[in-house]
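Breakdown of the fold
Spelled out, the chains give:
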Amino acid sequence: MSVHKDLIQHAANQNKEYQNFLQLDQQRESFIEEAIQLCKEGKPFTTDKINNVTKKINNIKLRFIPERKIVTTDMVREYVSRKA
């Protein structure tokens, strides 16, 4: 009986972590889009918000979540120049 409760608790904890990941991943994508838009408009931008969220995502300990890359301003500029 105790093992069953432990498994239920483990599954609940993993689900909570996964929901946290989904929220952070959406936030990261939003910050990336914001940086891209600012870059397209020729306005100054940083990747600080993107990378703060990226670090939080990479600290989540679920095996099926791939590690996210740290984003540089050069990466954003290169992306914008390719899409132009």
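Each remark here, short or long, concerns the structure printed above.
Summarised in this report is the structure supplied together with it. (Residues numbered from 1 in each chain as written. Predicted model: local features only at pLDDT ≥ 70, side-chain atom pairs only at ≥ 80, totals over all residues. Heavy atoms only, no water.)

Our next topic: the environment of K49. Tracing the backbone shows K49 in helix α2 (residues 48-58). Note: C-alpha distance between K49 and T73 (24 residues apart in sequence) is 12 Å. (Helix = DSSP H or I, 4+ residues; strand = E, 2+ residues; numbered from the N terminus.)

Okay, the side chain of N51 next. Relative to the assigned elements, N51 resides in helix α2. Take N51: its relative accessible area is 10%, and that puts it in the buried class. A distance of 2.7 Å separates the side chain of N51 from the backbone nitrogen of V71, its partner in a polar contact. Not counting residues up to four positions away in its chain, the partners in contact with N51 are I70 and V71. (Buried < 20%, exposed > 50% of the residue type's maximum accessible area, 1.4 Å probe, protein only. Polar contact = N/O pair within 3.5 Å; in protein donor to acceptor, adjacent residues only side chain to side chain. Contact = heavy atoms within 4.5 Å.)

Before going further, it helps to spend a moment on the nonpolar core. Within the largest apolar cluster, 17 residues are counted, with the highest numbers of intra-cluster contacts made by I50, I57, I60, I65 and V76. Among the elements of the structure, α1 (2-40), α2 and α3 (73-83) are those that each provide at least two residues to this core. The element contributing the most residues to this core is α1, with 7 residues. When sequence neighbours within four positions are dropped, the list of residues in contact with I57 reads F21, L24, D25, R28, I65 and R68. (Core = buried A, V, L, I, M, F, W, Y, C linked by side-chain atoms within 4.5 Å.)

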